[in-house]
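# Coordinate analysis (summary)
What follows is the residue order along each chain.
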Amino acid sequence: MMNKIILTEDGSKTLYNETIGEHYHSTRGALQESKHVFLEAGLVHTAALFPEQEISILEVGFGTGLNFLVSMDYGLQHQISLRYTGIEAYPITAEELMSIDYNNFISPAVWQAFTANYSQCINNRIHIFPGQSLEIVKQGLADVPVDNTYNLVYYDAFSLQYQPEMWSNEIIEHTASFLKPGGVFVTYAITGNLKRALQSFGFKIEKLVGAPGKRQMLRATKL
């Protein structure tokens, strides 16, 4: 799989996947998309719903690790324990990771811990800080057994146009099954089919203002 480094409009970098034909993040700003969609609409919101608890996050499409980095940085600053699981069938290389320079946007300790443990985290759960753990599951989503203990799902697969199989009702239902009651599903995208599918699986739907370049995004809560 070929990836090319791209500078986005907010000064942060992303990768362009030449095999699929899409960027890993918004070219309008990788960092601001990650913070708006996944950190603020996802973790900040969910941590308030489950106070005094470890927050268990499942990310579909771990990609460059940017969503993990901003989440871990926030968790450490606010004394929130995170049990983070990323699903990524094709992890980027350690060399690609180092070339994206996300160390410019998070604390040095988080960047150092992540880069030092990245390769070991693939198919292993590693405690990279006390009370903070990461595992990157190198499998296709459909092959990952359901473990319905998660507070929060970051759904960050490539878009419907480029990876339609990741937006089928079957895959969305499989992903939704990982959440415990009261758990939250967030994604940068919003379509009529996605809303209807999640409603049919017992979710309350919220349409939120999207990141720059997108009018709306979706947040759903499991009832």
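Look up a bit, the structure's there.
Residues numbered from 1 in each chain as written. Predicted model: local features only at pLDDT ≥ 70, side-chain atom pairs only at ≥ 80, totals over all residues. Heavy atoms only, no water.

### Side note on the nonpolar core
- One finds Leu43, Phe68, Tyr155, Trp167, Phe185 and Leu198 to be the most contacted residues of the largest nonpolar core, which totals 70 residues.
- Ignoring anything within four residues of it in the chain, the contact list for tryptophan 167 reads Tyr155, Ala157, Phe158, Ser159, Leu160, Ile172, Thr187, Tyr188, Ala189, Asn193 and Leu194. (Core = buried A, V, L, I, M, F, W, Y, C linked by side-chain atoms within 4.5 Å. Buried < 20%, exposed > 50% of the residue type's maximum accessible area, 1.4 Å probe, protein only. Contact = heavy atoms within 4.5 Å.)

### What to know about the sheet that holds strand β3 (residues 22-23)
- Strand order across the open sheet formed by three strands is β1-β2-β3, with antiparallel pairing between neighbours. For this open sheet the edge positions go to β1 (3-7) and β3, each flanked by a neighbour on one side alone.
- Bridge count between β1 and strand β2 (residues 13-17): five bridges; the pairing is antiparallel. Note on β2: the bridge partner recorded for lysine 4 is tyrosine 16. (Pairing = 2+ DSSP bridges. Helix = DSSP H or I, 4+ residues; strand = E, 2+ residues; numbered from the N terminus.)

### Some details on the pattern of salt bridges
- Summed over the entire model, instances satisfying the criterion amount to five salt bridges.
- The partner of glutamate 135 in a salt bridge is arginine 125, with the nearest N and O atoms 3.8 Å apart. Highlighted residues: glutamate 135 in strand β7 (residues 132-137) and arginine 125 in the loop between α4 (108-121) and β6 (126-129), separated in sequence by ten residues.
- Residue arginine 125 is classed as partly exposed on the basis of its relative accessible area, which comes to 24%.
- Its salt-bridge partner being arginine 219, residue glutamate 206 comes within 3.0 Å of it at the nearest N-O pair. With glutamate 206 in strand β10 (residues 203-209) and arginine 219 in strand β11 (residues 216-222), the pair connects residues that are 13 residues apart, well separated along the chain.
- Its relative accessible area of 9% is what places arginine 219 among the buried residues. (Salt bridge = Lys/Arg side-chain N within 4 Å of Asp/Glu carboxyl O.)

### Quick look at the layout of surface pockets
- Space inside the largest pocket adds up to approximately 890 Å³.
- Taken together, 48 residues line the largest pocket, and the ones lying closest to its centre are Asp156, Ala157, Phe158, Ser159 and Tyr188.
- Only β3, β4 (55-60), α2 (66-77) and α6 (192-200) provide two or more residues apiece to the lining of the largest pocket.
- Counted by class, the lining of the largest pocket contains 20 nonpolar, 20 polar and eight charged residues. (1 Å grid on protein atoms, 1.4 Å probe; cavity = no way out; pocket = protein on both sides within 12 Å on 5 of 7 lines; lining within 4 Å. Points joined across faces, edges and corners; volume = space filled by probe spheres on them. Nonpolar A, V, L, I, M, F, W, Y, C, P; charged D, E, K, R; others polar.)

### Here we look at α2
- The end-to-end C-alpha distance of α2 is 17 Å, a good match for the 16 Å that twelve residues give at a rise of 1.5 Å each.
- Most of α2 sits inside the fold, with ten of its twelve residues counted as buried.
- Those residues of α2 that fall on the buried side of the exposure criterion are Leu66, Asn67, Phe68, Leu69, Val70, Ser71, Met72, Asp73, Tyr74 and Gly75.
- Looking at the residues trailing α2, positive phi occurs at glutamine 79, about 55°. (Expected span 1.5 Å × (residues − 1).)

### A short note on the environment of valine 146
- Examined against the element boundaries, valine 146 turns out to sit in the loop between β7 and β8 (150-155).
- Since its relative accessible area comes to 42%, valine 146 is described here as partly exposed.
- A sequence separation of 86 residues divides valine 146 from valine 60, and the C-alpha atoms of the two residues are 13 Å apart.
- Apart from the residues lying within four places of it in its own chain, the contact partners of valine 146 are His174, Ser177 and Phe178.

### Focus on the packing of aromatic side chains
- This model, assessed by the stated rule, comprises 13 aromatic pairs.
- Ring centres 5.3 Å apart and planes at 45° place the aromatic pair phenylalanine 68 and phenylalanine 114 in the tilted group. In this pair, phenylalanine 68 sits in helix α2 while phenylalanine 114 sits in helix α4, placing the two residues 46 residues apart along the sequence. An identical accessibility class is assigned to phenylalanine 68 and phenylalanine 114; each is buried. (Phe/Tyr/Trp six-rings, centres within 6.5 Å; stacked < 30°, edge-to-face > 60°.)

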